[in-house]
Amino acid sequence: MERFRKEITQVLRKEIGGKAGLASKQIGELLELPTESAHGDFAFPCFVLAKAEKKPPQTIAKELAAKLKLTDNIDRVEALTGYVNFFIKPAKLAETVLKEIYDERDAYGASDRGKGRRVVIEFSSPNIAKPFGIGHLRSTIIGNALTRIYKFLNYQVTTINHLGDWGTQFGKIITAYKKWGKADFLKGDPLMNLYKLYVQFHQEEEKHPELTDEARQWFAKLERGDREVRELWEWFRDVSMEEIRGIYSLFDIHFDHQLGESFYTDKMPAVIDQLKKLGLLEESEGAQIVRLEKEGLPPAIIKKSDDSTLYITRDLAAAIYRHETYSFEEMLYVVGTPQQLHFQQLFAILVKMAHEWAKECEHISFGHLTLKESGAGMSTRSGTIVFLKDVLDRAVELADDIIKEKNPQLENREKVAIQVGIAALIYADFSAKRRKDVKFSWEEILNFDGETGPYLQYTSVRIRSLLEKFSGTLTDKVDFEKLGEAEEQELIKALGLFSRTILEALEEREPFVLASYLMRLAKLYNKFYNKYRVLDQDGEISLARVLLTFCTSTTLDVGLNLLGIPIPEKM
Ligand code: ARG
């Protein structure tokens, strides 16, 4: 596609180069890729010329369209609502797009855009001694997709899981454990038992406010390095890590570093010193705070009156440590929207400390994901947290029911059910822009005919099995004139938009952009497939359609991979 962009840029440059200060690079960048076929393959917006030409864009578009000297590859141009729309000759477009995919295969859509740029992506970051919640699932899914997209564009990515393994909540759990913990604690579900203690603590705390103080003291003890407390904490951590690891392996997710907040305990004093030296620290009611009035933010507490540190203190130390260790150009924090203020304060303090790089730190926030309807295994045992394990079990159970009905002979049914359940959850996550709250029912996200992960998987599997039935030799030496049906051309055009889509997903940090593109691609293919025969056609037509099918399969699978959606072999 890019080759046509260059060609059209040249054509435009001859007429408008230098006008309104437009260099050819800018002309090229202004060229849009319309999704609607009536608007051509490229569109040039004439609004940019309106001021210099002192004419309405509609007039400019009309005049320009009449004047342009077209090349062989351009079929025609049309002026429409202030745009000049360019139509590439269909066979030329087909040839260029399909040959490119055929050549590049799994690397189709990749680029060197990120070459030499280091990015730290922090995601998932669940809290130890608490069950992995649905919010952390979203962070995990979004962070994983962004990581894959960044890597595909050749960024040098370091992934970090910032485990919540420090803070007053540990004082609470220790208090509760000391008071109400039972000897058979390890039996059954230790993590759930820990969580129950945590819930119990909060209930009792309402009646006995002195518990708050007790918890604070336990945490202070932990921070001072008390051996007995430390051992308890380690045990809580190990139990939690086991569950967390299970989830990552299910989603095929790996981190370069899993560093808990506790890792920064010995790095905080230096940060606090630095803040002091810079005169940024102020005492307020016995605590140490940084005022952020000029930034329009409430003050941030850095150290409590009992000397214990806070979440933000550890984040300051972590950010500085990461910059020293990975010297990144960009750092992303994939964390829910409720923590927006926290990140505003964090970045503001870093800037105050003259860490200019803080401007390249970004909070990738996201809204709530809720699953409607509970049913078996979906009880929210605390009333507030949805347990991921329950969610996954439910997804897999339902997926299994559907597969049993659709394809009872299927081998590895259990494995496929897991893949389908995971795809349903991932696609649900990407079905809207990330800041939006999303609410779903199981029927919706597991529907094989709806806009769902399973639908994409099913399309991918079906296309592949069609290709397996083809007995000839796959080639890109086909007669591209044979791909003349409107459905074919729309599909080819969509295939040509893949690289741009990935770029847009990256620039907006929105896997949603890629997910909705793949949905459109799958639908376009199915529309084509339902209307035309691919195999058993006159040889030339068959060959061309097989190539088109192969290229769709390649693009779809590359895209699914980038989103972290697993593709079953059969389903
Ligand atoms: N563990 C935290 C929580 O669940 C999220 C950590 C986000 N990352 C960070 N650097 N603060 O609330």
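Before going into details, it helps to say that this report is about the structure given with it. (Residues numbered from 1 in each chain as written. Predicted model: local features only at pLDDT ≥ 70, side-chain atom pairs only at ≥ 80, totals over all residues. Heavy atoms only, no water.)

Some points on the packing of aromatic side chains
In step 1: According to the stated counting rule, one finds 25 aromatic pairs in the structure shown.
In step 2: Aromatic side chains Phe263 and Tyr321 sit 5.2 Å apart centroid to centroid with 75 degrees between the ring planes, which places their arrangement in the edge-to-face category. Here Phe263, found in the loop between β6 (257-258) and α11 (268-277), pairs with Tyr321, found in helix α12 (residues 311-326); they are 58 residues apart in sequence, far enough to count as distant.
In step 3: Considering the side-chain rings of Tyr525 and Tyr529, the 6.0 Å spacing of their centres and the 25 degrees angle between planes classify their relative orientation as stacked. In this pair, Tyr525 and Tyr529 are both assigned in helix α20 (residues 511-531), four residues apart and thus about one turn of the helix distant.
In step 4: Tyr525 sits in the buried class, given a relative accessible area of 1%.
In step 5: Here a set of aromatic residues connected by ring pairs shows up, and it is made of Phe123, Phe132, Tyr248 and Phe255.
In step 6: Sitting above the plane of the Tyr102 ring, Arg105 keeps its charged end 4.4 Å from the centroid.
In step 7: For Lys267, the ring lying beneath its charged end belongs to Phe263, and the centroid distance is 4.1 Å. (Phe/Tyr/Trp six-rings, centres within 6.5 Å; stacked < 30°, edge-to-face > 60°. Helix = DSSP H or I, 4+ residues; strand = E, 2+ residues; numbered from the N terminus. Buried < 20%, exposed > 50% of the residue type's maximum accessible area, 1.4 Å probe, protein only. Lys NZ or Arg CZ within 6 Å of the ring centre and 35° of its normal.)

Some remarks on the packing of helix α7 (residues 168-180) against helix α10 (residues 227-251)
In step 1: For the pair α7 and α10, interaxial distance at closest approach is 11 Å and the crossing angle is 100 degrees. Accordingly, the angle class assigned to the pair α7 and α10 is roughly perpendicular. For the pair α7 and α10, contact is made by Phe170, Ile173, Ile174, Tyr177 and Lys178 and by Glu228, Val229, Leu232, Trp233, Trp235 and Phe236, respectively. (Axes fitted to C-alpha atoms, helices over the stretch in contact; angles between N-to-C directions. Parallel < 35°, antiparallel > 145°, perpendicular 65-115°, else oblique. Contact = heavy atoms within 4.5 Å.)

What to know about the environment of Ala515
In step 1: In this fold, Ala515 is placed in helix α20.
In step 2: Between the C-alpha atom of Ala515 and that of Leu456, which follows or precedes it by 59 residues, the distance is 9.6 Å.
In step 3: Discounting residues that sit within four places of it in the chain, Ala515 has contacts with Tyr427, Phe430 and Leu563.

A few points about α7
Every α-helical turn comprises 3.6 residues, leaving residues that sit three or four positions apart pointing alike.
In step 1: Taking 1.5 Å of rise per residue, 13 residues should cover 18 Å, and α7 covers 18 Å from first to last C-alpha, within 8% of that figure.
In step 2: For α7, every residue scored as buried is listed here: Gln169, Phe170, Gly171, Lys172, Ile173, Ile174, Thr175 and Ala176.
In step 3: On the buried face of α7, the contacting elements are α8 (190-207), α9 (210-224) and α10. (Expected span 1.5 Å × (residues − 1).)

Thoughts on the pattern of salt bridges
In step 1: Within the structure shown, the criterion is met by 40 salt bridges.
In step 2: Across the pair Lys531 and Glu487 runs a salt bridge whose closest N-O atoms are separated by 2.9 Å. Highlighted residues: Lys531 in helix α20 and Glu487 in helix α18 (residues 486-496), separated in sequence by 44 residues.
In step 3: In the salt-bridge network here, residues are joined through shared partners; they are Arg117, Glu330, Glu362 and Arg509. (Salt bridge = Lys/Arg side-chain N within 4 Å of Asp/Glu carboxyl O.)

Describing α18
In step 1: By the criterion of burial, α18 is predominantly enclosed, with eight of the 11 residues buried.
In step 2: Among the residues making up α18, those that are buried are Glu487, Glu488, Leu491, Ile492, Lys493, Ala494, Leu495 and Gly496.
In step 3: Residues of α18 that are buried sit in contact with α5 (90-104), α19 (498-507), α20 and α21 (539-563).

Details of the sheet that holds strand β5 (residues 156-161)
The strands making up a sheet associate through hydrogen bonds between their backbones, and the pairing can be parallel or antiparallel.
In step 1: Reading across from one edge, β6-β5-β4-β10-β11 is the order of the five strands in this open sheet, with parallel pairing throughout. If you trace the sheet from one side to the other, it starts and ends with β6 and β11 (361-364), each paired once.
In step 2: One ladder, built from four bridges, connects strand β10 (residues 330-334) with β11; its direction is parallel. Pairing of Met331 across the sheet is with Cys361, part of β11. (Pairing = 2+ DSSP bridges.)

Quick look at the side chain of Ser125
In step 1: Looking at the element boundaries, Ser125 is found in the loop between β4 (118-122) and α6 (134-152).
In step 2: For Ser125, a relative accessible area of 14% puts it in the buried group.
In step 3: Engagement of the side chain of Ser125 in a polar contact is seen with the backbone nitrogen of His162, the distance being 3.2 Å. (Polar contact = N/O pair within 3.5 Å; in protein donor to acceptor, adjacent residues only side chain to side chain.)

Section: the site of the ligand
In step 1: Around the ligand sit Glu122, Ser125, Asn127, His136, His162, Tyr311, Asp315, Tyr333, Val335, Gln339, His342 and Phe343, and those are all the residues in its vicinity.
In step 2: Between the ligand and the protein, one listed contact pairs a nitrogen atom with a backbone N or O atom of Ser125 at 2.9 Å.
In step 3: With respect to the ligand, the side chain of Gln339 contributes an N or O atom lying 2.8 Å from an oxygen atom.
In step 4: When the ligand sits alone it has 350 Å² of accessible area, and the protein chains cover 90% of it.
In step 5: Breaking the shell around the ligand down by element, the ones donating at least two residues are α12 and α13 (340-352).
In step 6: Its residues assigned to classes, the shell around the ligand comprises four nonpolar, six polar and two charged. (Near = heavy atom within 4 Å. Areas by Shrake-Rupley, 256 points an atom, 1.4 Å probe, with all protein chains shown as cover. Nonpolar A, V, L, I, M, F, W, Y, C, P; charged D, E, K, R; others polar.)

Considering the pairing of strand β7 (residues 281-284)
In step 1: Pairing of β7 with strand β8 (residues 287-290), which is carried by four bridges, proceeds in the antiparallel orientation. Following the sheet pairing, Ser284 is matched in β8 by Ala287.
In step 2: Here β7 folds back onto β8, and the loop between the two strands holds two residues, one of which, Glu285, carries a positive phi near 50 degrees.

Comments concerning the sheet that holds strand β9 (residues 300-303)
In step 1: Overall, antiparallel pairing links the three strands, which are arranged β7-β8-β9 in an open sheet. Bordering the open sheet on either side are β7 and β9, each of which pairs with just one other strand. The average angle at which neighbouring strand axes cross in this sheet is 45 degrees, direction not considered.

Digging into the packing of α6 against α19
In step 1: Remark: α6 packs on α19, axes separated minimally by 10 Å, with the N-to-C direction vectors making an angle of 125 degrees. On the basis of their axis angle, the class for α6 and α19 is oblique. Pair α6 / α19 crosses with left-handed handedness. Seen from α6, the contacting residues are Ile149, Tyr150 and Phe152; seen from α19, they are Ile502, Ala505 and Leu506.
In step 2: Of the residues that constitute the contact of α6 with α19, the class distribution is six nonpolar, no polar and no charged. (Left-handed = near helix turned anticlockwise from the far one by under 90°.)

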